[in-house]
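Chain by chain, the residues:
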Amino acid sequence: MQMNKNGQTVLERRYLIKDEHGQNIETVEGLFRRVADAIAGADTLFDKKADVRALSDQFYDLMTNLEFLPNSPTLMNAGRPLGQLSACFVLPIEDSMEEIFETVKNAALIHKSGGGTGFSFSRLRSAGSTVKTTGGVASGPVSFMRVFNMATEAVKQGGTRRGANMGILRVDHPDILDFIDCKKNNADITNFNISVGITEDFMKAVELGIDYDLVDPHTKEVVGQLSAKEVFDKIVEAAWRNGEPGIIFLDRLNRDNVVPSQGEIESTNPCGEQPLLPFESCNLGSINLCQMLKETDGGWELDYDKLDRTVGLAIHFLDNVIEVNKYPLPIIDEVTKSTRKIGLGVMGFADMLARLGLSYNSDEGVEVGEKVMDFITTRAKAYSQELAKTRGAFPLFAESIFKDEAPLRNATCTTIAPTGTLSIIAGCSSGVEPVFAYVFIRNVMDNTEMIEVNPILRETLEKRGLYSDELMRKIAKEGTLAHIDEIPEDIKKVFVCSHDISPTYHVKMQAAFQRHTDNAVSKTVNFTHDATTLDVREVYMLAYRLDCKGVTIYRDGSRDSQVLNIGSVK
Ligand code: CDP
């Protein structure tokens, strides 16, 4: 296997099966064989004579060649007693003590199994309103978010990662101003990402500069009005301050709700890429685009035949996951199997562009993104239709927006996940994000330095006789290649990192992928530290105009501890 050291380390520390003393009792190859066998086994449910061994070999090769990886819970739990394989869940929060705490419990069970949960708090009555049974005063959505946050703090996901949540509040909820500021203090509600659920009516009011209505979630009566522009500015200011809240466009999630008869989509999973109905879950998987290239006499190009074969196998894999998955609750089993949503996405996109000699921040780069994702979604749909011929369409197909088309096995096929861990395992850039930094200097235990260089940059510089440790240290220190005189312009143009790219291009790329993705796109728009609230506002408006489903921004240095730092030691 061609796995680099970081990938190996992540698997060894967190994914391989351990004995009671914490010693690994599985090898990396053993992990991939365990997963391949467990997932391929589902074929016998549809065909008793299916050649499971041959399929397992294909899945094994797919993963060990780092061409495709399923989301972390599948790698951790497939073929093991727990058997919970999905990364994404949405749970309902109804407005009663019983139901709120039932959901706290269910979320804990999901976190324990390695999944992340999203919730809409919009149905909860506002702080200060009366509680009928006791005559007391309601605490409101934000205070219940703190309860969920504490519960999450106490439960580690499968003992390997901290639970992740998404909290959403509709912009017309009376407590919206409290919600916007609830993460003002960086130490608060740390196990949640939060997003304001924006409506089209609200956006129109922003554009017209007029007030909009606040609605009581119970009575549906208008209980107040706020200036849309002022609320929008507050959201922007808070996001500028420390990256939260993000926004999601609720009406767009519901425009693409494939089975509207099942109710409204009110929330997404923790990182925002997967809108789901209450009690619905979804398993994800990502194709490593770096492995979809071929070298020809004229240089590197995308190998569409290979990509096509990979999409076919990946769709087969993800549909099988739904069968062998052990769901945390019977109702999640039932709801998930009624639509059979899966989310195939990509990673290594920025690395692929570099190989092709294209800049992320160019119209050509954006076009390639759009073309690749168009191809993947079109082929994914075709393969899902193929599966439907032998396995049947998803049960709610006749009620879905596709009812007049060829039957589909899966109500949605594509999603762009962040691939936080998968991209480390595969040794490529994450999701559709640009490369954050091409060179890192790592301090290893005995205080010696280890220089980590993006393999494509290394190869490019070596070919031109430009590679040296000294130059790498310089790049690591600067964080970018942009201002280093020794590096030729053509290389600088291609090896752009997150902060060399204007927020506008970040959003353009997100929009290009969104146009051809069934679900949503996980993307963070990076700003430099000196960006203004006006810059952030423009990006929010641009994302709205370009039909994105949401936006998340992050301004460098706006939190004391951030995951990635420019020009510093990891
Ligand atoms: O790379 P990996 O499969 O580990 O995950 P990802 O692509 O970074 O995240 C995909 C989804 O996994 C997120 O949107 C969450 O739903 C879930 N997740 C989680 O529950 N807890 C985490 N610590 C990270 C991700």
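Each remark here, short or long, concerns the structure printed above.
A brief structural summary. (Residues numbered from 1 in each chain as written. Predicted model: local features only at pLDDT ≥ 70, side-chain atom pairs only at ≥ 80, totals over all residues. Heavy atoms only, no water.)

Here the focus is the environment of Pro-70. Of note, Pro-70 is situated in strand 1 (residues 68–70). Counting along the chain gives 27 residues from Pro-70 to Met-97, while the straight-line C-alpha distance between them is 37 Å. What Pro-70 contacts, discounting residues up to four positions off in sequence, is Met-63, Leu-75, Leu-284, Gly-285, Phe-317 and Leu-422. (Helix = DSSP H or I, 4+ residues; strand = E, 2+ residues; numbered from the N terminus. Contact = heavy atoms within 4.5 Å.)

Attention now moves to helix 9 (residues 228–242). Counted at 1.5 Å a residue, the expected span for helix 9 with its 15 residues is 21 Å, and the 22 Å between its end C-alpha atoms agrees. Listed as buried for helix 9 are Ala-228, Val-231, Phe-232, Ile-235, Val-236, Ala-238, Ala-239 and Asn-242. In a view along the axis of helix 9, the buried residues occupy a sector of 165 degrees, so they form one face of it. Gly-243 sits one or two residues past helix 9 and shows a positive phi near 90 degrees. (Expected span 1.5 Å × (residues − 1). Buried < 20%, exposed > 50% of the residue type's maximum accessible area, 1.4 Å probe, protein only. Arc of directions from axis to C-beta.)

Attention shifts here to the side chain of Thr-339. Checked against the element boundaries, Thr-339 lands in helix 12 (residues 330–339). For Thr-339, the residues in contact, after removing those within four places along its chain, are Val-259, Glu-280, Phe-394, Leu-396, Arg-409, Asn-410 and Ala-411.

This part is about the pairing of strand 9 (residues 222–227). Both strand 8 (residues 211–215) and strand 9 contribute to a ladder of 5 bridges, which runs antiparallel. Pairing of Leu-214 across the sheet is with Gly-224, part of strand 9. (Pairing = 2+ DSSP bridges.)

In the segment running from Glu-244 into Pro-245, the intervening peptide bond is cis, with an omega of 5 degrees. Among the secondary structure elements, Pro-245 is positioned in the loop between helix 9 and strand 10 (246–249). In this structure, Ile-189 takes a positive phi of about 45 degrees despite not being glycine. Looking at the secondary structure, you find Ile-189 in the loop between helix 7 (176–180) and strand 7 (192–198). At Phe-279, a position not held by glycine, the phi torsion is positive, near 70 degrees. Along the chain, Phe-279 falls in the loop between strand 12 (275–276) and strand 13 (281–288).

As far as function goes, none of this settles anything; it's purely spatial.
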